[in-house]
Amino acid sequence: MTFDIKTIGILGSGTMGSGIAQLCAQQGYEAQLYDIDQSLLDNALRRIEAGLQKAVEKGKLAAEQVPLVLGRLTVHTQLSDLAGCDVVIEAIPEDLALKQDIFKQLDSLCKPETILASNTSSLSITALGGATKRPQQVAGLHFFNPVPVMKLVEVIRGQRTSDETMNALTGFAESLGKTAVIAKDTPGFIVNRVARPFYGEALKMLGEHGSNPDMLKTIDTVMREAGGFKMGPFELMDLIGIDVNFAVTQSVWSAYFQLSRYRPHPIQQRMVHAGLLGRKTGEGFYQYES
Ligand code: NAD
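Residues numbered from 1 in each chain as written. Predicted model: local features only at pLDDT ≥ 70, side-chain atom pairs only at ≥ 80, totals over all residues. Heavy atoms only, no water.

As a structural note, the neighbourhood of the ligand is formed by 25 residues, with Met16, Asp35, Glu94, Lys99 and Ser121 the closest of them. A distance of 2.7 Å is found between an oxygen atom of the ligand and a side-chain nitrogen or oxygen belonging to Ser121. At a separation of 2.9 Å, a nitrogen atom of the ligand approaches a polar backbone atom of Ile240. The fraction of the free accessible surface of the ligand (830 Å²) that becomes covered by protein chains is 87%. Breaking the shell around the ligand down by element, the ones donating at least two residues are helix H1 (15–26), helix H4 (96–109) and helix H10 (242–255). When its residues are assigned to classes, the shell around the ligand shows twelve nonpolar, nine polar and four charged. Residue contributions to the shell around the ligand reach at least three from each of two domains, namely domain 1 (7–184) and domain 2 (193–281). (Near = heavy atom within 4 Å. Polar contact = N/O pair within 3.5 Å; in protein donor to acceptor, adjacent residues only side chain to side chain. Areas by Shrake-Rupley, 256 points an atom, 1.4 Å probe, with all protein chains shown as cover. Helix = DSSP H or I, 4+ residues; strand = E, 2+ residues; numbered from the N terminus. Nonpolar A, V, L, I, M, F, W, Y, C, P; charged D, E, K, R; others polar. Domains from an automatic or database assignment.)

What follows is the structure, encoded as structure tokens:
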């Protein structure tokens, strides 16, 4: 089977879905972005336009390209509109049952050749493939945040993913200017498994100091200034989204049969309950201007 990839469907117009849609349209693909509500799509379009403007200011995109890029982007609230896509990339919340349900729907709607990919940070690609009748055409395609900037993409092979699908997605990721790395279908793949203690130990330390804001800043500063990390753990959790990070932590912890090393922290849970989700809500560990 040969794959001629032109049209990309993206499910979920949040942090990751909007970034993936922007990148695909910038690189010449037709991007069809789906979400459950038009107002979410309107917000995503505003973020994408702002992202393109930023790229122009940085000299990475010619101003006259902006309308052309936007012209390659359409938004949809009907899943069936994505039926003709060559690749569909799912970027909805980190919930296995929710993702399996949408994979099942996509399987029955999409043309037989469509590859179904997931941007999941931690969930089993094999379990997503198992929800469809085309597990050989299901794989992980894990981008990092912010999508237009971060170079790495993990391409994850499920138990029944075919070589053709892996090759097609690797080539596709490279055509987006990314570095594709093949990862095994184990909880958290490569990056999110290695990164778990980065967040977990920082949260434990913060808890031991009674959530003292000075301690929080100290940990971030030390990791950035002396540790050589681009961002401290709390700054990074705010960028990712506290809800997303908490869901990924829970997923990796339960997938490793509740291994204590990966245990979520009550601070994360409390912040999710309070709606303090990081940059996207204007407040997380830090406060942000809108
Ligand atoms: P988000 O909360 O910003 O966006 C999720 C979007 O999905 C929302 O717009 C929501 O309306 C939409 N949605 C919810 N249910 C839906 C449904 N049934 N059909 C279609 N859309 C639906 O989340 P995010 O940060 O973009 O994360 C999405 C996925 O990407 C998750 O699996 C997450 O683990 C993964 N991921 C996140 C990051 C990150 O830094 N945020 C990085 C890599 C991977």
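So, about H10. An α-helix turns once per 3.6 residues; consequently, residues spaced three or four apart project the same way. Its 14 residues give H10 an end-to-end C-alpha distance of 20 Å, which sits within 8% of 20 Å, the value for a rise of 1.5 Å per residue. Turning to H10, its buried residues number three or more, namely Ile242, Asn245, Phe246, Ala247, Val248, Thr249, Ser251 and Val252. Looking one or two places after H10, you find Phe257, whose phi comes out positive at around 55°. (Expected span 1.5 Å × (residues − 1). Buried < 20%, exposed > 50% of the residue type's maximum accessible area, 1.4 Å probe, protein only.)

With that settled, consider unusual backbone geometry. Of the consecutive residues Asn145 and Pro146, the connecting peptide bond is found in the cis state with omega at 0°. With respect to the helices and strands, Pro146 occurs in the loop between strand E6 (138–142) and strand E7 (152–157). Even without being glycine, Phe189 reaches a positive phi, approximately 55°. Structurally, Phe189 is set in the loop between strand E8 (179–184) and helix H7 (191–208). Phi at Phe257 takes a positive value of approximately 55°, unusual for a residue other than glycine. As for its position among the elements, Phe257 is in the loop between H10 and helix H11 (266–274).

What the eight strands build is an open sheet, ordered E3-E2-E1-E4-E5-E6-E7-E8; its pairing is mixed. In this open sheet, the two edge strands, each paired with only one partner strand, are strand E3 (73–76) and E8. Across the sheet, the axes of successive neighbouring strands diverge by a mean angle of 25°, strand direction being ignored. Sitting on the sheet, helix H6 (residues 163–175) touches strand E1 (7–11), strand E4 (87–90), strand E5 (115–118), E6, E7 and E8, and the angle it makes with E7 is about 175°. (Pairing = 2+ DSSP bridges. Axes fitted to C-alpha atoms, helices over the stretch in contact; angles between N-to-C directions. Contact = heavy atoms within 4.5 Å.)

Moving on, we come to helix H2 (residues 38–57). Over its 20 residues, H2 extends 29 Å from the first C-alpha to the last, a length consistent with the 28 Å expected when each residue adds 1.5 Å. Inspection of H2 places Leu41, Ala44, Ile48, Gly51, Leu52, Ala55 and Val56 among the buried residues, and these make up the whole buried set. Angular distribution of buried residues about the axis of H2 spans 140°; they occupy a single face of the element. Facing away from the buried side of H2 by more than 90 degrees, the exposed set consists of Arg46 and Glu57. Where H2 is buried, its residues meet H1, strand E2 (30–34), helix H3 (65–71) and E3. Backbone geometry just downstream of H2 places Gly59 in the positive-phi region, at approximately 75°. (Arc of directions from axis to C-beta.)

Here we come to the pattern of salt bridges. Taken as a whole and assessed by the stated rule, the structure comprises ten salt bridges. Glu235 is paired through a salt bridge with Arg224; the nearest N and O atoms lie 2.7 Å apart. A residue pair is termed long-range when its members are at least 10 positions apart, and Glu235 in helix H9 (residues 233–240) and Arg224 in helix H8 (residues 213–225) qualify at eleven residues. Classification of Glu235 as buried rests on a relative accessible area of 16%. Taking the relative accessible area as the measure of exposure, Arg224 reaches 27% and is therefore partly exposed. Linked through salt bridges whose partners overlap, the residues forming this network are Glu90, Glu94 and Lys99. (Salt bridge = Lys/Arg side-chain N within 4 Å of Asp/Glu carboxyl O.)

The N-to-C vectors of H1 and H2 enclose an angle of 50°; their axes lie 10 Å apart at closest approach. With respect to their mutual orientation, H1 and H2 come out oblique. In this structure, H1 meets H2 at a crossing whose hand is right-handed. Packed against H1, whose contacting residues are Thr15, Ser18, Ala21, Gln22 and Gln26, the element H2 presents Ala44, Arg47, Ile48, Gly51 and Leu52 at the interface. Taken together, the residues that form the contact of H1 with H2 break down as four nonpolar, five polar and one charged. (Parallel < 35°, antiparallel > 145°, perpendicular 65-115°, else oblique. Left-handed = near helix turned anticlockwise from the far one by under 90°.)

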